[in-house]
Amino acid sequence: MRGAAIYAGHSAIQLSLGFLEEGFEAAIFGPPERLKLYERFPTLKARLHQYSDPSLLDSLADEGYFLIPTGGVVEYLTPSLVERVRIPVFGLRHLVRWEADWSLKTRLLEEARMPMPRRFRSISEVDRLVIAKLPGAKGGRGYLVTRSPEEIKNWLKNLREQNLITREDDIFLQEYIVGTTIYAHYFQSPIMDRLELTGFDIRYESNVDGLRRLSPRNIGDLKEGFVVTGNLQVYPRERLLEEFIELGEKLVEATRRLIPPGVIGPFCLETVVTEDLKPIVFEFSGRIVAGTNVYLGGSPYLALYWGREMTVGRRMALEVRMAMEQGRLGEVLT
Amino acid sequence: MRGAAIYAGHSAIQLSLGFLEEGFEAAIFGPPERLKLYERFPTLKARLHQYSDPSLLDSLADEGYFLIPTGGVVEYLTPSLVERVRIPVFGLRHLVRWEADWSLKTRLLEEARMPMPRRFRSISEVDRLVIAKLPGAKGGRGYLVTRSPEEIKNWLKNLREQNLITREDDIFLQEYIVGTTIYAHYFQSPIMDRLELTGFDIRYESNVDGLRRLSPRNIGDLKEGFVVTGNLQVYPRERLLEEFIELGEKLVEATRRLIPPGVIGPFCLETVVTEDLKPIVFEFSGRIVAGTNVYLGGSPYLALYWGREMTVGRRMALEVRMAMEQGRLGEVLT
Amino acid sequence: MRGAAIYAGHSAIQLSLGFLEEGFEAAIFGPPERLKLYERFPTLKARLHQYSDPSLLDSLADEGYFLIPTGGVVEYLTPSLVERVRIPVFGLRHLVRWEADWSLKTRLLEEARMPMPRRFRSISEVDRLVIAKLPGAKGGRGYLVTRSPEEIKNWLKNLREQNLITREDDIFLQEYIVGTTIYAHYFQSPIMDRLELTGFDIRYESNVDGLRRLSPRNIGDLKEGFVVTGNLQVYPRERLLEEFIELGEKLVEATRRLIPPGVIGPFCLETVVTEDLKPIVFEFSGRIVAGTNVYLGGSPYLALYWGREMTVGRRMALEVRMAMEQGRLGEVLT
């Protein structure tokens, strides 16, 4: 393979640099306004392609490129396109569909026996603090945190009047666990036949992380919003690491049973750690996440496996290079 | 030039080490109690000078030193002194006056067409959450966050009674934008003819970041204070980077028009990122800021330009060295 | 000496790697479920020992190992065992008793003339915001933050009914200082005869750091909990560094007077920095703390002394190696 085709999105810098450093080429594609950033950095010698239709991916395939699935790819190209394009995909191609669908994702997490927040099937069941989520999340704004079924009903009424939703059942009602959010990053390596822990982040969200800097008298009726604006490094207690690794392993096993041959490469478990020191898994991402950018300078967790710090982007490139050298590309690209 | 004269203040460690590493000398000056710290570290081989009057700067000029403007220099030596001392100054010397004066600074930000919080010219206009700021900020304590014009009036009455202010018009009334604070660091390089993004921080402030760890019942009538006690690293979403770079470029252009030849070296835009993912600029610093200390071990953003991590202090030293080698010192020192 | 005996706890990764990198062996011991983690990382080539009784420590002593005191060692083996085991201990062995006892610890901090929160001897004295702490802290859950003596009495009544405490006087009542928490890490080196500042962290606690992401209407009657789930890097203002160093020096001097020859190696001062920029010391740990894990990739503060980043674990190993080379082991192991 010649190189990686990377959507001009949340982790394109570390992906491009990582593949370039491992001797591949990097082709970044996307709408013109998103491409500008990638001309800014002299060390980032990637080809830039304006994306207008999927034929670009066919041309890149013909040139020997493979596609890196990211949040941007899935959102911009749609999951169904990612599933059917001709270009080889790094990782488990069909996982994108599972990740995009609340029912499939919940089935996967349940199969993995993840400790999860309770899910409420109807508004009237709500008997504690919950977070109501709109489908697609509307960029992080489609959330309501409350204890009140009435408030959820009024919120939905408003959303229907604004045509933001059509059916009440589209919303996802999840128990809101109070604790510290910790997003755990993993890399499942077919070549090394092991799961690597690549790091952890905390999301820095607008305006929930702005609210916390106001005294209650100034908050008034401002509500929690969860639009991700950035990420922070966090170093969990060492006694939590084994627990995080075991959660990751259970997720890997579940994908092997439900979507063989199972997850390949990076994924993320989004957790809240309670006062009992138990990580509760409220979300799952089957691909590289933006939170890995907190290791733009290299993750010290990856150094525990490789003796040197590297980004998750570099780790992915290393996997492809090892797969090529060992004639095992089919285990990494699907 | 022989070396850098550095005030014993907020970024003297990275500045001294950076200039030493690039082959210059470092002379740290300040009151005796502030100098002690710089004898603590064996790798920091700087000369230390007690500062009693500006003649020290003349002697240092005679020895071939240039002055690094920092927050401490401006505060301790006064902006007007920085403008008229004989010693060469790294960067745009006259920017210190613009930064020290709310009217000039606002004019600059407006010239740059920065997205800014609304400014209120009188207390009676206040119709939303605002932050009232005293001139000079009184070390971060001279702030009030409120929705109530009455509360501002009472606060001012108290301040007048304590002789902390003389005229009501001295206060600066700015809309308080709720969102995540992100402080973006830049380096405008005359030698490379480009703007480099050097990193981002979040301020860790007392007691606003203490309040957030109290439940509302315990906060009582405690008010938000904004005394900076430290800084944290933050990694903004990749899609925000282009927006931050463009804001920086607009600022550079505005300084070129209003204060030719325009800003040189490090500066900072202090922003709040809203739920619409728009950075709103509420402040500007035309010099190295303390927040760059989060990269005491080197900024991974600077590695995108230079292939290796470095501090902003080191980046400044590199600019002077390149300027000397190319006979272009006049573009860096003014 | 052959190597370090390390409890399978909060900083075993950096300790094992640090000693291995300095040419020692590493033996990790603990209950079987805690050992699993240390087989996960290929770079961590430590021997693993199931711990069933103290005879293991005698065998390790016979093989030339010394013991690293950590929070886990003290909690799991008890302070009195650490004081009397035959195996040499890195650092000041008898400090573990002082750290485990509120009265001794308070005596030490008072001897050091640390700026401290006011301590209340009885509930009826409480006239401001306080934090009530149970002995042993019950994993971080045994805390109450309140202004109300009545609330403390009811809380104690409940605890007595649950047999969690026996006597009211067991609780520790401390003024709750509002400000930014900063945990300062130190290394007192007998070999270099100096105190090194090794870094700073902030604790990430459940659920106090979860509460802050809820609007007041959603917090309801949720109370602050202080179970540590992780740590974050923080870079204090440079003007605070000298103050932190001087606090550390005063602590070193006090231990020299009360527990000769005084503290050896890593320790931590847990502080709150107020709006007056004064660090108030509310706790002390006489050993390596979990917060040093934020420098899993190496502390840039240690680079100020050694010219390269390293972990506190590596710093400890370096001290033992230098002590051996100079025939001064008795100054480091006790």
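This text goes with the structure placed above it.
Please read all numbers here as calculations on a predicted model, not as lab measurements. (Residues numbered from 1 in each chain as written. Chains lettered and ligands numbered in written order. Predicted model: local features only at pLDDT ≥ 70, side-chain atom pairs only at ≥ 80, totals over all residues. Heavy atoms only, no water.)

### So, the overall build of chain A
Helix and strand content of chain A: 13 helices and 14 strands. Taking 20 Å as the expected radius of gyration for a compact globule of 334 residues, we find that chain A reaches 20 Å, a close match to that expectation. Put simply, chain A has 334 residues, and 65% of those count as buried. Put simply, 60% of the contacts in chain A that link residues at least 6 apart link residues at least 24 apart. Counting only carbon and sulfur atoms, one obtains 47% of the accessible surface of chain A, whose full area is about 12,000 Å². Of the charged side chains in chain A, 43 are positive and 45 negative, and the gap between their average positions amounts to 2 Å. (Helix = DSSP H or I, 4+ residues; strand = E, 2+ residues; numbered from the N terminus. Rg over C-alpha atoms; globule rule 2.2 N^0.38 Å. Buried < 20%, exposed > 50% of the residue type's maximum accessible area, 1.4 Å probe, protein only. Contact = heavy atoms within 4.5 Å. Areas by Shrake-Rupley, 256 points an atom, 1.4 Å probe, with all protein chains shown as cover. Lys, Arg positive; Asp, Glu negative; His and termini not counted. Charge placed at Lys NZ, Arg CZ, Asp CG, Glu CD.)

### What to know about the interface of chain C and chain B
Of the residues lining the interface, 53 residues belong to chain C; the matching set on chain B comes to 45 residues. Carbon and sulfur atoms make up 54% of the area that chain C and chain B hide from each other, which totals about 4,000 Å². When residues of chain C are sorted by the area they lose upon contact with chain B, E238, E275 and L304 of chain C head the list and together hold 21% of the total. Applying the counting criterion to the chain C and chain B interface returns six salt bridges. In this assembly, chain C and chain B are joined by 25 residue pairs in polar contact (both at pLDDT 80 or more). The leading source of residues in the side of chain C that touches chain B is helix α11 (residues 238–258) of chain C, at eight residues. For the side of chain C that touches chain B, the class distribution of residues is 28 nonpolar, seven polar and 18 charged. Summarising the sheet, strand β11 (residues 226–233) of chain B and strand β12 (residues 235–236) of chain C pair through two bridges and their orientation is antiparallel. Bridging from a neighbouring strand, N231 of chain B pairs with Y235 of chain C of β12 of chain C. (Buried area = accessible area lost by both parts, 1.4 Å probe. Salt bridge = Lys/Arg side-chain N within 4 Å of Asp/Glu carboxyl O. Polar contact = N/O pair within 3.5 Å; in protein donor to acceptor, adjacent residues only side chain to side chain. Nonpolar A, V, L, I, M, F, W, Y, C, P; charged D, E, K, R; others polar. Pairing = 2+ DSSP bridges.)

### Some words on the pattern of salt bridges
Residues and elements named next belong to chain A. Inspection of every chain in the model, using the stated rule, returns 96 salt bridges over all chains. A salt bridge links K157 to E161; the shortest N-O distance between them is 3.9 Å. Taken as a pair, K157 and E161 lie in helix α8 (residues 149–161) at a separation of four residues, close to a single helical turn. Counted as one network, the salt bridges with shared partners bring together E21, E22, R314, R321 and E325.

### Regarding the relation of the copies chain C and chain B
Superposing chain C onto chain B takes a rotation of 120 degrees plus a shift of 0.0 Å along the axis, which leaves an RMSD of 0.0 Å. Expressed as a symmetry operation, the mapping of one chain copy onto the other fits a three-fold axis. Relative to the rotation axis, the C-alpha of R212 of chain C is the closest in chain C, positioned 3.0 Å from it. Of the interface residues in chain C, just 19% have counterparts in chain B that sit at the interface too, so the contact is made through distinct surfaces. (Least-squares fit on C-alpha atoms with pLDDT ≥ 70 in both.)

### Side note on the sheet that holds strand β3 (residues 47–50) of chain B
Residues and elements named next belong to chain B. The strand order across the open sheet built from four strands is β3-β2-β1-β4, with neighbouring strands paired in parallel fashion. Sheet topology places β3 and β4 (65–67) at the edges, where each strand pairs with a single neighbour. If you compare each strand with its neighbour and ignore which way they point, the axes differ by 30 degrees on average. Of the pairings in the sheet, the one linking strand β1 (residues 3–7) to strand β2 (residues 25–30) comprises five bridges and is parallel in character. Looking at β2, one finds that Y7 is bridged to F29. Across the face of the sheet, helix α3 (residues 55–62) comes into contact with β1, β2, β3 and β4 while running at roughly 150 degrees to β3. (Axes fitted to C-alpha atoms, helices over the stretch in contact; angles between N-to-C directions.)

### Overview of the environment of S215 of chain A
When you line up the elements, S215 of chain A lands in the loop between α9 (208–211) and α10 (216–219). Discounting residues that sit within four places of it in the chain, S215 of chain A has contacts with L211, L222 and E224 of chain B.

### Looking at the interface of chain B and chain A
In this assembly, 53 residues from chain B lie in contact with 45 residues from chain A. Note on chain B versus chain A: buried area summed over both sides is about 4,000 Å², and carbon and sulfur give 54% of it. Looking only at chain B, the three residues that lose the most surface to chain A are E238, E275 and L304 of chain B, adding up to 22% of its buried area. Counting across the interface, chain B meets chain A through six salt bridges. The partner of R213 of chain A in a salt bridge is E205 of chain B, with the nearest N and O atoms 2.3 Å apart. Remark: the boundary between chain B and chain A carries 25 residue pairs in polar contact (both at pLDDT 80 or more). Considering only residue class, the side of chain B that touches chain A consists of 28 nonpolar, seven polar and 18 charged.

### Considerations on the packing of aromatic side chains
Centre-to-centre distance and the angle between the planes together describe a pair of aromatic rings. In the structure shown here, the tally under the stated rule is 48 aromatic pairs over all chains. Between Y7 of chain C and Y76 of chain C, the aromatic rings sit 5.0 Å apart at their centres with planes inclined by 40 degrees, giving tilted as the arrangement. Residue Y7 of chain C is found in strand β1 (residues 3–7), and its partner Y76 of chain C is found in helix α4 (residues 71–77); the two are separated by 69 residues along the sequence. Take Y76 of chain C: its relative accessible area is 36%, and that puts it in the partly exposed class. Pairwise contacts between aromatic rings join Y7, F29, Y51 and Y76 of chain A into one cluster. (Phe/Tyr/Trp six-rings, centres within 6.5 Å; stacked < 30°, edge-to-face > 60°.)

### A word on the sheet that holds strand β9 (residues 180–189) of chain C
Within a sheet, each strand pairs with its neighbour through backbone hydrogen bonds, oriented either parallel or antiparallel. Across the sheet, which stays open at both edges, the six strands sit in the order β12(A)-β11(C)-β10(C)-β9(C)-β13(C)-β14(C) with antiparallel pairing between neighbours. Each edge of the open sheet is held by one strand with a lone partner, namely β12 (235–236) of chain A together with β14 (279–285) of chain C. Where strand β10 (residues 194–207) of chain C lies against strand β11 (residues 226–233) of chain C, seven bridges are found, and the strand directions are antiparallel. Of the residues in β11 of chain C, the one forming a bridge with R203 of chain C is N231 of chain C.

### Remarks on helix α7 (residues 102–111) of chain C
Residue and element names in this part refer to chain C. Of all the residues in α7, the buried ones are L104, K105, T106, L108 and L109. Its buried side turned inward, α7 meets α6 (95–100), β5 (119–120), β8 (172–175), α11 and β14. Following α7 by one or two positions, R113 has its phi on the positive side, about 50 degrees.

### Focus: the packing of helix α1 (residues 12–21) of chain C against helix α13 (residues 312–325) of chain C
Residues and elements named next belong to chain C. Their axes nearest at 7 Å, the elements α1 and α13 cross at an angle of 40 degrees. Considering the angle they form, α1 stands oblique to α13. Our pair here, α1 against α13, has a crossing hand that is right-handed. Only V312, G313, R314, M316, A317 and V320 of α13 make contact with α1, whose side of the interface consists of Q14, L15, G18, F19 and E21. Broken down by class, the residue content of the contact of α1 with α13 amounts to six nonpolar, three polar and two charged. (Parallel < 35°, antiparallel > 145°, perpendicular 65-115°, else oblique. Left-handed = near helix turned anticlockwise from the far one by under 90°.)

### Overview of empty space enclosed by the protein
For the structure on display, the rule yields eleven cavities of 30 Å³ or more. In this structure, the largest cavity occupies an estimated 240 Å³ of space. In this structure, the largest cavity is lined by 22 residues; those nearest its centre are R212 and L232 of chain A, R212 of chain B together with R212 and L232 of chain C. Residue assignment for the lining of the largest cavity shows that the elements contributing at least two residues are β10 (194–207) of chain A, β10 (194–207) of chain B together with β10 of chain C. Class assignment of the residues belonging to the lining of the largest cavity gives a composition of nine nonpolar, one polar and twelve charged. In terms of lining, the second largest cavity is formed by 18 residues, of which the most central are L214 of chain A, L214 of chain B together with R212, L214 and I219 of chain C. For the lining of the second largest cavity, the secondary structure elements donating two or more residues are α10 of chain A, α10 (216–219) of chain B together with α9 (208–211) and α10 (216–219) of chain C. (1 Å grid on protein atoms, 1.4 Å probe; cavity = no way out; pocket = protein on both sides within 12 Å on 5 of 7 lines; lining within 4 Å. Points joined across faces, edges and corners; volume = space filled by probe spheres on them.)

Just distances and angles here, no functional claims.
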